[in-house]
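# Per-entry structural report
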Amino acid sequence: MVWISLMLVGAGFFLFWLWAKPLEKQRIVLLVRKEGNSNPEKNTLILESPIRELSIFFEAGSSKLEKESIHLLQAEWELNPISQIGYLSLIGSADASGHLTKNRKLVKDRVRNVESYLVSLGIPKDKINQTFLEPIYGKNPELRRLLRSVQIQYKIET
């Protein structure tokens with residue numbers, strides 16, 4: 001009897017997981033404006049934008065923004081209005097080759113340099129969140145290059 005109930009519960013969780021996946025792609029949010037009474041005719045449907053991502057890469061042992069990165073950031077914010085940014089996350093990473101303490105400092109310096117540049121473009125500092133990942137060993141040169149980056153994730157509010 002216990003096994004049957006465990007199987008039913010497990011099957012229920014599996015079906016819920018399967019059913020919930022397509023809903024993650026795009027959600028519709030109903031915005032109700034409070035104006036004394038909530039008139040359903042004044043409710044507005046808003047399509048939530050997906051999270052956008054952009055990566056800024058750095059040379060080994062460097063936290064300096066290069067010209068290509070600066071042009072990439074400028075182009076990104078010319079296309080997307082700064083006033084509509086809901087939030088912006090900076091996630092820094094580094095390859096663990098070399099001294100661990102130095103690589104941890106590089107991660108922080110990279111994130112702070114990207115943040116400083118974004119603030120100079122007009123993005124409010126209070127909308128920027130920072131995450132510093134621990135350095136990871138890259139198995140090959142291409143993976144090590146990808147680890148020397150700051151991942152930018154943001155959402156545009158419409």
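The following paragraphs examine the structure supplied in this document. Because the structure is a prediction, the values reported are computed rather than measured. (Residues numbered from 1 in each chain as written. Predicted model: local features only at pLDDT ≥ 70, side-chain atom pairs only at ≥ 80, totals over all residues. Heavy atoms only, no water.)

## Describing the overall build of the chain
Counting secondary structure elements, the chain contains 4 helices and 6 strands. For the chain, the succession of helices and strands along the chain, N to C, is α-β-β-β-α-β-α-β-α-β. Split into buried and exposed, the 158 residues of the chain put 27% on the buried side. Taking all contacts inside the chain whose residues are at least 6 apart in sequence as the whole, residues at least 24 apart take part in 71%. (Helix = DSSP H or I, 4+ residues; strand = E, 2+ residues; numbered from the N terminus. Buried < 20%, exposed > 50% of the residue type's maximum accessible area, 1.4 Å probe, protein only. Contact = heavy atoms within 4.5 Å.)

## Notes on the sheet that holds strand 3 (residues 52-57)
In a beta sheet, neighbouring strands are held together by backbone hydrogen bonds and run either parallel or antiparallel to one another. Taken in spatial order, the 4 strands make up an open sheet running 3-6-4-5, and their pairing is mixed. The strands lining the two open edges of the sheet, one partner per strand, are strand 3 and strand 5 (128-132). When the angles between neighbouring strand axes are averaged without regard to direction, this sheet yields 20°. Looking at chain direction, strand 4 (residues 85-93) and strand 5 are connected through 5 bridges and run parallel. Looking across to strand 5, one finds that Ser89 is bridged to Asn129. Across the face of the sheet, helix 2 (residues 67-79) comes into contact with strand 3, strand 4 and strand 6 (149-156) while running at roughly 160° to strand 3. (Pairing = 2+ DSSP bridges. Axes fitted to C-alpha atoms, helices over the stretch in contact; angles between N-to-C directions.)

## Observations concerning the pattern of salt bridges
Within the structure shown, the criterion is met by 3 salt bridges. The salt bridge partner of Arg104 is Glu134, with a shortest N-O separation of 2.9 Å. Placement of the pair is Arg104 in helix 3 (residues 100-120) and Glu134 in the loop between strand 5 and helix 4 (141-147), with a sequence separation of 30 residues. The partly exposed category is assigned to Arg104, whose relative accessible area is 37%. Under the relative-accessibility criterion, Glu134 is labelled partly exposed at 46%. The partner of Glu142 in a salt bridge is Arg145, and the shortest N-O contact between them spans 3.4 Å. (Salt bridge = Lys/Arg side-chain N within 4 Å of Asp/Glu carboxyl O.)

## Here's the deal with the nonpolar core
Among the nonpolar cores identified, the biggest contains 19 residues, and Leu73, Trp77, Leu88, Leu90, Val114, Leu118 and Ile152 are the most heavily contacted of them. Only strand 3, helix 2, strand 4, helix 3 and strand 6 provide two or more residues apiece to this core. Beyond its immediate chain neighbours, meaning those up to four positions away, Ile152 contacts Arg52, Glu53, Leu54, Ile56, Leu73, Leu88, Ser89, Leu90 and Val114. (Core = buried A, V, L, I, M, F, W, Y, C linked by side-chain atoms within 4.5 Å.)

## Regarding helix 3
Spanning 21 residues, helix 3 covers 30 Å between terminal C-alpha atoms, matching the ideal 30 Å at 1.5 Å per step. Asn103, Leu106, Val107, Arg110, Val111, Val114, Glu115, Tyr117 and Leu118 are the residues of helix 3 that are buried. Axial view of helix 3: buried residues confined to an arc of 170°, hence all on one face. More than 90 degrees from the buried face of helix 3, the exposed residues found are Thr101, Lys102, Lys105 and Ser120. Elements in contact with the buried residues of helix 3: strand 3, helix 2, strand 4, strand 5 and strand 6. At the C-terminal side of helix 3, Gly122 shows a positive phi close to 110°. (Expected span 1.5 Å × (residues − 1). Arc of directions from axis to C-beta.)

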